[in-house]
Amino acid sequence: MCREWLWSDFVDLCERFAGQVISRKEALGAFIPAVFDKPIRRDEHVGEVMAAVLDLDGKDECLGVEELRERLNGYTFLAYTTWSATLKQPRWRVVLPLA
């Protein structure tokens, strides 16, 4: 079922997962920050994109949390580590609302 969310709803949902240890990547689920004109996940049915999602995977450089905050200073964003992140190689998913 598709449902529009407010940015604050999305942040609240993510905060519920903060600090949890997930043992299987498949248990995490996924999200698409878009509104579809039909309940079919295909490009031609995207009516509106609600957020930009960036994967910062550390191939060019690894960013610690403070450096990430500094670089995104002035933007509204939510960032979380990806499944493959480690302490030596942090990897981030950054979500920036578009409206």
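My aim in this report is to walk through the structure given alongside it, one point at a time.

Scoring rules and cut-offs
Residues numbered from 1 in each chain as written. Predicted model: local features only at pLDDT ≥ 70, side-chain atom pairs only at ≥ 80, totals over all residues. Heavy atoms only, no water. Patch = residues over 30% accessible without salt bridge, like charges linked within 9 Å, V, L, I, M, F, W, Y side chains within 5 Å. Areas by Shrake-Rupley, 256 points an atom, 1.4 Å probe, with all protein chains shown as cover. Salt bridge = Lys/Arg side-chain N within 4 Å of Asp/Glu carboxyl O. Helix = DSSP H or I, 4+ residues; strand = E, 2+ residues; numbered from the N terminus. Buried < 20%, exposed > 50% of the residue type's maximum accessible area, 1.4 Å probe, protein only. Contact = heavy atoms within 4.5 Å. Pairing = 2+ DSSP bridges. Axes fitted to C-alpha atoms, helices over the stretch in contact; angles between N-to-C directions.

1. Side note on a nonpolar patch on the surface
- A contiguous nonpolar surface patch, about 240 Å² in accessible area, is contributed by Val 46, Val 49 and Leu 98.
- Mapped onto the elements, Leu 98 comes out in the segment after strand S5 (92–97).
- On the basis of relative accessibility, which here comes to 54%, the residue Leu 98 falls in the exposed class.

2. Some details on the side chain of His 45
- Tracing the sequence through the fold places His 45 in the loop between strand S1 (34–36) and strand S2 (46–49).
- Ignoring anything within four residues of it in the chain, the contact list for His 45 reads Val 35, Phe 36, Asp 37, Lys 38 and Ile 40.

3. A look at the sheet that holds S5
- With antiparallel pairing, three strands are arranged side by side in an open sheet as S3-S5-S4. A single partner strand is all that each edge strand has here, and the edge strands are strand S3 (51–56) and strand S4 (78–81). Averaged over all pairs of adjacent strands, the angle between their axes in this sheet comes to 15°, without regard to strand direction.
- Here S3 runs beside S5; their pairing, made up of six bridges, is antiparallel. Bridge assignment links Val 53 to a residue of S5, and that residue is Val 95.
- Strands in contact with helix H1 (residues 7–17) are S4 and S5; relative to S4, the strand with the most contacts, it is inclined by about 25°.

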